[in-house]
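Report on the structure
Below, each chain spelled out in residue letters.
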Amino acid sequence: MTPKLTATTLATSSCNMAQPLIHLRPCGAALSSSEAHRSLLDALEAHQVAVEFQCRSGYCGACRLRLLAGEVKYHREPLAFVGRGEILPCCCQPVDDIELELSSPPPKL
Ligand code: FES
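Computed from a prediction, not measured in an experiment: that's the story for all the values here.

Calculation criteria
- Residues numbered from 1 in each chain as written.
- Predicted model: local features only at pLDDT ≥ 70, side-chain atom pairs only at ≥ 80, totals over all residues.
- Helix = DSSP H or I, 4+ residues; strand = E, 2+ residues; numbered from the N terminus.
- Buried ≥ 20, exposed ≤ 12 C-beta atoms within 10 Å, placed from the backbone.
- Contact = placed C-beta atoms within 7 Å.
- Pairing = 2+ DSSP bridges.

Turning to the overall build of the chain, a few remarks are in order. When its secondary structure is counted, the chain shows two helices and seven strands. Start at the N end of the chain and walk to the C end: the helices and strands fall as α-β-β-α-β-β-β-β-β. For the chain, the residues scored as buried account for 27% of the 109 residues in total. Taking the contacts inside the chain whose residues are at least 6 apart along the sequence as the reference set, 52% of them involve residues at least 24 apart.

Pasting the structure below:
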């Protein structure tokens, strides 16, 4: 049985302060990320957050999300167009705590 995920259970504990948090808006969930996740997309998927994707390499733009606050770093510059305020989570990592807009909240949050 999969436990129900809530903003409280997903928040990083105080012993893991160095890892950036991923805040989802408007649902309010706070997800932990770690160096073990190869990308922000991997971190979201680890928390059962469904994000569309195709190439997972920065070519197609299918994973495009709106970054409301914070900063990400790209593993290498993506080839897909990235508009102002947008990110491609398949090929970046959060630098610090970030806020992402998800138009439809994940069903498990
Ligand atoms: S999945 Fe193709 S750019 Fe992210």
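The subject of this paragraph is the sheet that holds strand 5 (residues 86-87). Paired through their backbone hydrogen bonds, the strands of a sheet run either parallel or antiparallel. A sheet is described by the order of its strands in space; here five strands give the open sequence 2-1-7-3-5, paired in mixed fashion. A single partner strand is all that each edge strand has here, and the edge strands are strand 2 (30-32) and strand 5. Bridge count between strand 3 (residues 65-69) and strand 5: two bridges; the pairing is antiparallel. Pairing of Arg66 across the sheet is with Glu86, part of strand 5.

By the element assignment, Glu86 lies in strand 5. Linking Glu86 and Leu100, residues 14 residues apart in sequence, is a C-alpha distance of 9.4 Å. Residues in contact with Glu86, not counting those within four places in the same chain, are Arg64, Leu65, Arg66 and Leu67.

With that settled, consider the pairing of strand 7 (residues 98-101). Covered by surrounding structure in strand 7 are Ile98 and Leu100 only, the residues Glu99 and Glu101 on the alternate face being uncovered. Note: strand 1 (residues 21-25) against strand 7, four bridges, orientation parallel. In the strand pairing of strand 7, Ile22 is matched with Ile98. Pairing analysis gives three bridges linking strand 3 to strand 7, with the strands arranged antiparallel.

Let's shift gears to the environment of Ile87. Note on placement: Ile87 falls in strand 5. Once the C-alpha coordinates of Ile87 and Leu65 are considered, the two residues, 22 residues apart in sequence, prove to be 5.5 Å apart. Contacts of Ile87, omitting those with residues within four sequence positions, involve Leu65, Leu67, Val72, Val82 and Cys92.

Everything listed here is a matter of coordinates, which is why it stays silent on function.
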